[in-house]
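# What the coordinates show
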Amino acid sequence: MEHQQRSQARLSPSSDTEDTVMLLAPRLAYFAGVARTEHVTRAAQEMDVPQSTLSRAMVRLEQDLGVDLFARIGRTVSLTPAGRTFLASAERALAEIQRAADEVRADADPATGKVAFGFLHTMGSETVPGLIRAFRADHPRVRFSLVQNYGEAMIERLRAGELDLCLTSPVPDAPDLVARRLDEQKLRLVVPADHPLAARRRVRLAEAAEESFVTLEPGYGLRRITDDLCQEAGFKPRIAFEGEEAETLRGLVAAGLGVALLPPPAFPRPGVAELTVTAPRAAREIGVAWLDGHPDTPPVAAFKKFLLSRRGNLLP
C-alpha cells in the first residue's frame, strides 16, 4: 500500500514551479515543526493544530514529493536523508518569508514606516529636501526611498509598484492614475551672458526663433513643454544638444552652445542671463500622482495628505 501511494505522487519531475510551490508552501511550517520536535503530538501542541491535521499534512507532503521524509516509530519520527535535505531548504524558505513579513510590517508602521517617493531632477536640490524636512517635523522617524527621474519613467515605476507617489510635470492624465495639481513653475529663456538678448529682462519667445536650443531628451516633460511653447510662438526649435539634466543644459548655454527654456535654478549660475518670457505664457504645472485604487500604508497616507496641503505653496 505504501509503495502504491508513493508511485501515485502528485508531483512529477515535469511539474512546473508554480504548481510545486502551491502544493508545498502551506505545509513547510508543519514539516519544520515535526522535524524539530521529532514527535507528531508534541509538534501539534506547539503549533496549536489538531494532531490529525498535522499527520495528514505530513503524509500528503510525502505523497506529493514521492519521497519518504520521516522514519516512523509510533508517534516518534526521525528524518530520513531526504528529509534532512528538504529541511535545510525549508528552513531557509521559512526564514525568508519571516524576513519579508517583518519588512513589510516595518514599512507600514505609522511612526517608522517607509515612503517610496519619486520626483523630477529639477526638484532634487531644493524643493524635495524642503518638503521632507517640513513633513518630518511631525513625523520624525518616517523613512524615505527617493527616486529622481523624468516623468514618464516615474509613471512606469508607479505602475510597477516601485513608487508610492511621484512629483511630476506635466500632471499626468491617465485612467489608472490619480493626479492632483499642486503648483505652477514659470520657465525662463536662458541665454549666454554675452548674448544680444542678455541685457533684456523680458522677451517674447518668438525672438529666439533663429537660435539653437539645448533641451532635455524626448520623453522628458520639459522637452514636450518646450516643443509646445515654441510651436505656439510660431516656430520649431532647432535642437543643437539634448541632455538629461537641467543644470547640464545651463552649462551648455553658458558655454555659448545655445539657449534653453528652463525652470529657475536653485542657485544663480554664472555665465547666463535668465529672461522672463512674456508670450506665450511659459510655465509648467507640478503635480503629485499615485496609482488609482492602490491602498496606502499609514506613512504614505500621511505624506500624501501633507503634499496636498501644500497646494499653491509647494515650491520655494
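Our structure is the block above this text.
First things first, this report covers the structure right here in the doc. (Residues numbered from 1 in each chain as written. Predicted model: local features only at pLDDT ≥ 70, side-chain atom pairs only at ≥ 80, totals over all residues. Heavy atoms only, no water.)

### Remarks on the sheet that holds strand S3 (residues 114–119)
The strand order S4-S3-S5-S13-S6 describes an open sheet built from five strands, whose pairing is mixed. For this open sheet the edge positions go to strand S4 (143–148) and strand S6 (177–186), each flanked by a neighbour on one side alone. Averaged over all neighbouring strand pairs, the angle between strand axes comes to 20 degrees, with direction disregarded. Relative to strand S5 (residues 165–168), S3 runs parallel, the two being bridged by three bridges. The residue bridging Gly118 from the neighbouring strand is Cys166, located in S5. (Pairing = 2+ DSSP bridges. Helix = DSSP H or I, 4+ residues; strand = E, 2+ residues; numbered from the N terminus. Axes fitted to C-alpha atoms, helices over the stretch in contact; angles between N-to-C directions.)

### Re the pattern of salt bridges
As enumerated under the stated definition, the model contains 22 salt bridges in all. Salt-bridge contacts for Arg159 lead to Glu156; the nearest nitrogen and oxygen are separated by 3.1 Å. Remark: Glu156 and Arg159 occur in helix H8 (residues 151–159); sequence separation between them is three residues, near one turn of the helix. Taking the relative accessible area as the measure of exposure, Arg159 reaches 35% and is therefore partly exposed. Its relative accessible area of 47% is what places Glu156 among the partly exposed residues. (Salt bridge = Lys/Arg side-chain N within 4 Å of Asp/Glu carboxyl O. Buried < 20%, exposed > 50% of the residue type's maximum accessible area, 1.4 Å probe, protein only.)

### Focus: the nonpolar core
When a protein is soluble and globular, its nonpolar side chains tend to lie buried together. In this structure, Phe117, Phe144, Leu165, Leu167, Phe303 and Leu307 are the most contacted members of the largest nonpolar core, which totals 35 residues. For this core, the secondary structure elements donating two or more residues are S3, helix H7 (127–135), S4, H8, S5, S6, strand S13 (283–291) and helix H11 (298–309). Not counting chain neighbours up to four residues away, the residues in contact with Phe117 comprise Val128, Phe144, Ser145, Leu146, Val147, Leu163, Leu165, Cys166, Leu167, Phe303 and Leu307. (Core = buried A, V, L, I, M, F, W, Y, C linked by side-chain atoms within 4.5 Å. Contact = heavy atoms within 4.5 Å.)

Geometric descriptors of this kind do not, in isolation, establish any biological role.
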